[in-house]
Amino acid sequence: YIAGESGGVFFMPYDYPLSDRGNADPKSSMGAGEDLPAQGAFLYYTSPFGSLELRPPAEIDANEPLCFTLFVRKGGDTVKTAIIRDSVKVGFKGGARGRVDTSANNQFITIVPQETWTGPQGGELTVTIGGDYRHRLRRFGLLFFGGTKGGSFNQTFTFRVAPRRPGAMPFRVPVKEGDPSSIVEISRLAPANPAILPSYNQIGYDSLHYILGTVEGSGNRAVLWGVGGKFTGRGRETVVNPSLEVRFPMMMDYDGGLLTLYNYDGILLDMNGAWDMPIAFFRLATRVDPVSGAALARVALNAVVECDRIDFYKWFIKLLGMSELDTGLMFIAGGSDYGIHGAGVTRGAAGAGRVRFSANSDSVTAAIAGGTLKKRDHVYGILLVSEKTGRPVPVKYIDATEVRADGSGTVTAVTLKMGGAGFRGRARAYYMVDTYPAARGEVEIR
């Protein structure tokens, strides 16, 4: 019996394959064997939500990442093995080279385009993956190590990359204060690989909601600002959750119906107020309606987590085999939900006041006069965008933001502490109220 969050309870009869209907079902297996070869080393295409596919999809989107899991079979059984990371070689034909990572538990390989495999015309992408693996592994808890070289694998996969139509993106970007800003929502994160990860915290990941709004942009690219969300109690409607004080920037690329959200410079994501997850690489890819921006496909998630920066959990994560012993990095492949948030646009909250920006080598401050917004009602922050690169300045926006208020609780100033960001130069500064840039200016950090 399976109980779902929809409120339904589903019964799966164990003897279904013995029934007439079950016996005719191609998903049923009556024999003692498995739908896998009896002997050899094989890579199997793995979907964003963790399904192992005996036959990879014939067609993929141009921004779609790839994931492959190693299976070694001997005498009709699967043998515990580990990919030798340094041995992995990946070749590409017909498309751009992707970022290649081998998981910390040495079970799967991810290949991520940045940001598309081919141009708008699509085409054929051939990926050849080769390497060696170890067997006869030793273990400590769930951490497998040691072993000897057991053999090699080499496999070629060919995908048809779907063509796309060039066109303007369906998202609105504010040019001046009061202009509409598009808002979208990311929710129900499902980090399917490493496979043990959802066993430990899938209920927690499933409850995460992030609301993001456009801040600035040019052409089909934009900078987004994200904050935490929560259910209102009315169906699945979500609103900003000021108590979490989540703050993080993302980049948005729109390309002929393909949407890619990413941050490759590092962000902190709050895990429901319990702790912050330091992420060095974060990418979401999907396909959307070219008119509304609404989702047409589930989201593929790729992330690299810096587990050694998680004070309490870092040693547990290593002993579970989820992060590398030397670097502390954990490579994640999974999926999530994406959608338009509410009405799809916002013009920000009234009463932001007059804002004056100032900066020194250590911090940037937005001093607010004549504002009426209360500290408890919104998430406030300062976003910096490098004038040179057009990307958000990598600062720990969650931890580095200080919001000051007067005796009535009205916000009077917001300060962003630069910490060890190492940024020097000119930047566009935005005073953020929830997801909206309530004021903008320029600062120089020397």
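Computed from a predicted model, the values in this text were never measured in an experiment.

### Considerations on empty space enclosed by the protein
Then, in step 1: A complete count under the given rule lists four cavities of 30 Å³ or more for this structure.
Then, in step 2: Computed from the structure, the largest cavity encloses a volume of approximately 110 Å³.
Then, in step 3: What lines the largest cavity is a set of 13 residues, among which Leu-189, Tyr-205, Met-277, Leu-301 and Ile-332 lie closest to the centre.
Then, in step 4: Within the residue set of the lining of the largest cavity, elements represented by two or more residues are strand E16 (181–193), helix H2 (197–206), strand E23 (276–287) and strand E24 (299–306).
Then, in step 5: Of the residues in the lining of the largest cavity, the class split is 13 nonpolar, no polar and no charged.
Then, in step 6: Estimated volume of the second largest cavity: approximately 80 Å³.
Then, in step 7: Along the walls of the second largest cavity sit 13 residues, with Thr-46, Pro-48, Pro-65, Cys-67 and Ala-300 positioned nearest its centre.
Then, in step 8: Elements that contribute at least two residues to the lining of the second largest cavity include exactly strand E3 (40–46), strand E6 (66–74), E24 and strand E25 (329–346).
Then, in step 9: Per-class residue counts for the lining of the second largest cavity are eight nonpolar, four polar and one charged.

### Concerning the sheet that holds strand E31 (residues 425–433)
Then, in step 1: Here three strands make up an open sheet; going across it, the order is E28-E31-E32 and the pairing antiparallel. Both outer strands of the open sheet, strand E28 (380–386) and strand E32 (436–445), are each paired with one neighbouring strand and no more. Shown here is a sheet whose adjacent strand axes are inclined to one another by a mean of 25°, direction ignored.

### Digging into the nonpolar core
Then, in step 1: Core analysis: the largest hydrophobic core is formed by 40 residues, its most contacted members being Tyr-210 and Phe-282.
Then, in step 2: Apart from residues no more than four positions distant in its own chain, Tyr-210 is found in contact with Val-184, Glu-185, Ile-186, Leu-189, Val-227, Gly-228, Val-246, Phe-248, Leu-269, Asp-270 and Met-271.
Then, in step 3: Among the nonpolar cores identified, the runner-up in size contains 39 residues, and Ala-352, Val-403, Val-411 and Val-433 belong to it.

### Digging into the layout of surface pockets
Then, in step 1: In this structure, the largest pocket spans a volume of roughly 800 Å³.
Then, in step 2: Surrounding the largest pocket, 39 residues form its lining, Lys-80, Thr-81, Asn-105, Asn-106 and Gln-107 being those nearest its centre.
Then, in step 3: Those elements giving two or more residues to the lining of the largest pocket turn out to be E6, strand E7 (77–79), strand E8 (82–83), strand E14 (143–145) and E16.
Then, in step 4: Classifying every residue of the lining of the largest pocket by side-chain character gives 21 nonpolar, 12 polar and six charged.

### A short note on the pattern of salt bridges
Then, in step 1: Tallied over the entire structure, the rule returns 23 salt bridges.
Then, in step 2: Among the salt bridges present, the one from Arg-428 reaches Glu-216, with a minimum N-O distance of 2.8 Å. A residue pair is termed long-range when its members are at least 10 positions apart, and Arg-428 in strand E31 and Glu-216 in strand E17 (residues 209–218) qualify at 212 residues.
Then, in step 3: Linked by salt bridges that have partners in common, Glu-387, Arg-426, Glu-442, Glu-444 and Arg-446 make up one network.

The rules behind these values
Residues numbered from 1 in each chain as written. Predicted model: local features only at pLDDT ≥ 70, side-chain atom pairs only at ≥ 80, totals over all residues. Heavy atoms only, no water. 1 Å grid on protein atoms, 1.4 Å probe; cavity = no way out; pocket = protein on both sides within 12 Å on 5 of 7 lines; lining within 4 Å. Points joined across faces, edges and corners; volume = space filled by probe spheres on them. Helix = DSSP H or I, 4+ residues; strand = E, 2+ residues; numbered from the N terminus. Nonpolar A, V, L, I, M, F, W, Y, C, P; charged D, E, K, R; others polar. Pairing = 2+ DSSP bridges. Axes fitted to C-alpha atoms, helices over the stretch in contact; angles between N-to-C directions. Core = buried A, V, L, I, M, F, W, Y, C linked by side-chain atoms within 4.5 Å. Buried < 20%, exposed > 50% of the residue type's maximum accessible area, 1.4 Å probe, protein only. Contact = heavy atoms within 4.5 Å. Salt bridge = Lys/Arg side-chain N within 4 Å of Asp/Glu carboxyl O.

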